[in-house]
Amino acid sequence: MKILIANESHFKYAPIIAETISESAKIRGTGIAKRTPEYIQKRLQNGNAVIALDGDKFAGFCYIEVWGNKDFVANSGLIVHPDYRNQGLAKQIKKRIFELSREKFPDAKIFGITTGLAVMKMNYELGYKPVTFSELTNDPEFWKGCQTCKNFDILTRTEQKMCLCTGMLYDPEAKEKNAKKAKHEVNSTAFKRLKSIKESLFLKKKDK
Ligand SMILES: CC(C)(COP(=O)(O)OP(=O)(O)OC[C@H]1O[C@@H](n2cnc3c(N)ncnc32)[C@H](O)[C@@H]1OP(=O)(O)O)[C@@H](O)C(=O)NCCC(=O)NCCS
């Protein structure tokens, strides 16, 4: 398995990446921002994406997106092909894209929004903390990405204060201050409870 910084030579993988992301979202039944092959191609060409290949076969992907005048970057679109799951590949991709983000944008805060426990766990291990949406970028272009998510009405209803996703943030300044603190582990039970509270709050209202 090779984990590479993507470039134009990987354009041919854009359709399978887009399809794997949308198929996985359907199966999970969760909302996700839609990514077309054209959108993925743009991310493959600027040195801000990581692709995992097993020989010639697509195995995984993630990209960096820059927001709000480079104050914030997001590690988005993490996907591992179903044939390669549960082997620690997402962890390796996440680590590589995180290191790339730190190398290219050392002063930026790194953030993500997710409904996935796996992503929460990995982010936590990298030093991210759960935060309210007000701590994340206020760049309208980022939040526009949520328009294609099936839960967008919730985000609108709460005036962008909260949604089913949890916001997570790595703040390089805070990280330095806390460098000596012990390693934390994500509390899966608390996260699952938070998610179910949010779902019953927001989705019940939606069904009425
Ligand atoms: C989520 C996903 C990227 C995980 O990929 P993977 O290569 O199977 O993950 P890894 O094997 O590296 O596992 C990383 C950690 O997540 C945990 N994990 C993996 N899948 C999980 C799941 N479905 N639920 C809870 N935890 C999970 C693993 O146990 C591991 O934790 P550990 O280190 O404490 O053991 C993959 O299942 C996927 O592409 N899913 C669809 C897309 C998606 O959900 N993307 C995230 C959008 S926010």
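Relevant structure appears above.
Note that the coordinates shown come from a computational prediction; the quantities given were computed from them, not determined experimentally.

1. Quick look at the nonpolar core
Working step 1: In terms of nonpolar packing, the biggest core is built from 26 residues, with Leu89, Ile93 and Tyr128 touching the most fellow members.
Working step 2: Among the elements of the structure, strand S2 (49-54), strand S3 (57-67), strand S4 (72-80), helix H3 (89-104), helix H4 (117-126) and strand S7 (166-170) are those that each provide at least two residues to this core.
Working step 3: It is H3 that contributes the most residues to this core, six residues altogether.
Working step 4: Contact partners of Ile93, with chain neighbours within four places excluded, come to Ile3, Val50, Ala52, Gly60, Phe61, Cys62, Leu78, Ile79 and Val80.
Working step 5: Membership of the second largest hydrophobic core comes to 16 residues, among which are Cys146, Ile154, Leu155 and Leu169.

2. Quick word on the site of the ligand
Working step 1: Around the ligand lies a shell of 17 residues, among which Val80, Asn86, Gly88, Ala90 and Lys91 are the nearest.
Working step 2: Here Leu78 contributes a backbone N or O atom positioned 3.1 Å from a nitrogen atom of the ligand.
Working step 3: For the ligand, whose free accessible area comes to 910 Å², the fraction covered by protein is 71%.
Working step 4: At the level of elements, helix H1 (14-28), S4, H3 and H4 are the ones that each hand at least two residues to the shell around the ligand.
Working step 5: Among the elements that make up the shell around the ligand, the one with the highest residue count is H4 (four residues).
Working step 6: In terms of residue class, the shell around the ligand is built from eight nonpolar, five polar and four charged.

3. Some thoughts on H4
Working step 1: When H4 is considered as a whole, its buried residues turn out to be Val119, Met120, Met122, Asn123, Tyr124 and Leu126.
Working step 2: In the segment just after H4, Gly127 is the residue with positive phi, at about 105 degrees.

4. Some points on the sheet that holds strand S1 (residues 2-5)
Working step 1: Pairing is mixed in the open sheet, where seven strands are placed in the order S1-S2-S3-S4-S5-S7-S6. Each of the sheet's edge strands pairs with one partner strand only, and the pair in question is S1 and strand S6 (129-131). For this sheet, the mean inter-axis angle between neighbouring strands, taken without regard to orientation, is 25 degrees.
Working step 2: Inspection of the sheet shows strand S5 (residues 109-114) paired to S7 by five bridges, in the antiparallel sense. Bridge pairing in S7 places Ile110 opposite Tyr170.
Working step 3: Strand contacts of H1: S2, S3 and S4, with the helix running at about 85 degrees to S4, the strand carrying the most contacts.

5. Describing H1
Working step 1: Between its terminal C-alpha atoms H1 stretches 21 Å, which fits the 21 Å expected from 15 residues at 1.5 Å a residue.
Working step 2: Along H1, the residues classified as buried are Ala14, Ile17, Ala18, Thr20, Ile21, Ser24 and Ala25. Projected down its long axis, H1 shows its buried positions confined to an angular sector of 165 degrees, all on one face. The exposed residues of H1 that point more than 90 degrees off its buried face are Glu19, Lys26 and Ile27.
Working step 3: Positive phi shows up at Gly29, right after H1, with a value of about 70 degrees.

Thresholds applied
- Sequence order as written defines the numbering, with residues in each chain counted from 1.
- Restriction of local features to residues with pLDDT of at least 70 applies here, the model being predicted, together with a cutoff of 80 or more for giving and counting side-chain atom pairs; totals for whole chains, interfaces and linings are based on all residues.
- Only hydrogens and water are removed before side-chain values are computed, so all heavy atoms of the structure are retained for them.
- Here the nonpolar core consists of buried residues drawn from Ala, Val, Leu, Ile, Met, Phe, Trp, Tyr and Cys, with membership extended through side-chain atoms lying within 4.5 Å.
- Remark: exposure states derive from per-residue accessible area (1.4 Å probe, protein chains only) relative to the maximum for the residue type, with buried under 20%, exposed over 50%, and partly exposed in between.
- Think of it this way: any DSSP run of H or I at least four residues long counts as a helix, any run of E at least two long counts as a strand, and we number them from the N terminus.
- Contacts: residue pairs with any heavy atoms within 4.5 Å of one another.
- Residues are labelled near a given molecule or strand when at least one of their non-hydrogen atoms is within 4 Å of it.
- What qualifies as a polar contact is a pair of N or O atoms within 3.5 Å, subject to a donor-acceptor requirement within protein and to the restriction that residues adjacent in sequence count only when both atoms come from side chains.
- Here, Shrake-Rupley sampling with a 1.4 Å probe gives the accessible areas, and only protein chains in the shown set may cover a residue.
- Under this grouping Gly is polar, as are all residues other than the nonpolar Ala, Val, Leu, Ile, Met, Phe, Trp, Tyr, Cys and Pro and the charged Asp, Glu, Lys and Arg.
- Strand pairing follows a simple DSSP-based rule, namely that at least 2 bridges must link the two strands.
- As a rule, the C-alpha atoms of each element are fitted with a line to give its axis, helices using only the stretch in contact, and angles between N-to-C directions run from 0 to 180 degrees.
- Take the residue count of a helix, subtract one, and multiply by 1.5 Å to get its expected span.
- Directions from the helix axis toward the C-beta atoms define the arc.

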